[in-house]
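The residues making up each chain are set out below.
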Amino acid sequence: DDCWFQLSYTWLIVKFLFPNAMKTCISSECKETWSIIEPYPVKVFHPFLEPRFFSKLHAEFPELTELKALYSVGYKYRVSDGKRGRGEFQEVIRSRPAWQQFYKYVLNGALLSFATQHFDVLSQRGRIKQRTEISILPSDGGYITPHPDTPKKLVTLVIYFAEDDWMPAWGGEFAIVRPKIPTDGIAEYPSIGFDDVELIYKVPFKPNTAVFMRRTMRSFHAVPPVNAPIGRHRKSVTINFLGREEK
């Protein structure tokens, strides 16, 4: 259709604009900087993307006004390539060559290949689907409520798009939490709040950092409310690797 024709046309332009970045988007200096097994597996990498490519993506990051508000999971704005939002996602990245290129890497399995090296489950559950989401948590209190994700989300990747001068006091961290009350580990968003969980660890919101999380019944995580200067939003891209649920 017209959308995919436009995507293909833009991709040809991308190949000329970024000829040296076609081989891989992951930095040759990428290193695992932190990991944890309990309460569920999490691995952190930095610098994750090739630095110049990351800078181009950062410069082209969509504006808040281009995304849709999603209040059912907290206070955030997003655009996703899921079935109901695919057209809007394509519209947002169509005029952004770097994001066209990044999405091509996703579709070609470059990020899935990297994730599979670190999480065996991705090679054990048959065909893996991928979902890409560009999201913003507004500077005036944006947050994501504690939740474990659905069982079909085998592994989740979150790439931070923080500015170099982002202050720790502004928040934005991926928070590993543990419920203090009985919860439903199957429901994607059980009815619990920040007062119902204890903090285990927070992955600082720093530029070009990648957080990989293995979904389990105990994989509760959240992003506490952001408290940043006006317009200094928390920006990230999330890739969900989805597969067959464990029987």
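Refer to the preceding data block for the structure.
Structure report, in brief. All values reported here derive from a predicted model rather than from experimental measurement.

Helices and strands together make up the secondary structure of the protein chain, namely 5 helices and 12 strands. The buried share among the 247 residues of the protein chain stands at 54%. Sequence separation of 24 or more characterises 82% of the internal contacts of the protein chain that already satisfy a separation of 6 or more. When the accessible surface of the protein chain is split by element, carbon and sulfur atoms take 52% of a total near 12300 Å².

This part takes up the packing of helix 3 (residues 86-94) against helix 4 (residues 97-108). It is at 7 Å that the axes of helix 3 and helix 4 come closest, and there the two elements cross at 130°. Relative to helix 4, the element helix 3 is oriented oblique. Judged by residue contacts, Phe89, Ile93 and Arg94 of helix 3 engage Trp99, Gln100 and Tyr103 from helix 4. Looking at side-chain class alone, the contact of helix 3 with helix 4 contains 4 nonpolar, 1 polar and 1 charged residues.

The subject of this paragraph is the side chain of Thr156. Residue position: Thr156 is located in strand 7 (residues 153-160). On the basis of relative accessibility, which here comes to 8%, the residue Thr156 falls in the buried class. In this structure the side chain of Thr156 is engaged in a polar contact, spanning 2.9 Å, whose partner is the side chain of Asn240. Among residues more than four places away in sequence, those in contact with Thr156 are Asp149, Val211, Phe212, Met213, Thr238, Ile239 and Asn240.

So, how was this worked out
Residues numbered from 1 in each chain as written. Predicted model: local features only at pLDDT ≥ 70, side-chain atom pairs only at ≥ 80, totals over all residues. Heavy atoms only, no water. Helix = DSSP H or I, 4+ residues; strand = E, 2+ residues; numbered from the N terminus. Buried < 20%, exposed > 50% of the residue type's maximum accessible area, 1.4 Å probe, protein only. Contact = heavy atoms within 4.5 Å. Areas by Shrake-Rupley, 256 points an atom, 1.4 Å probe, with all protein chains shown as cover. Axes fitted to C-alpha atoms, helices over the stretch in contact; angles between N-to-C directions. Parallel < 35°, antiparallel > 145°, perpendicular 65-115°, else oblique. Nonpolar A, V, L, I, M, F, W, Y, C, P; charged D, E, K, R; others polar. Polar contact = N/O pair within 3.5 Å; in protein donor to acceptor, adjacent residues only side chain to side chain.

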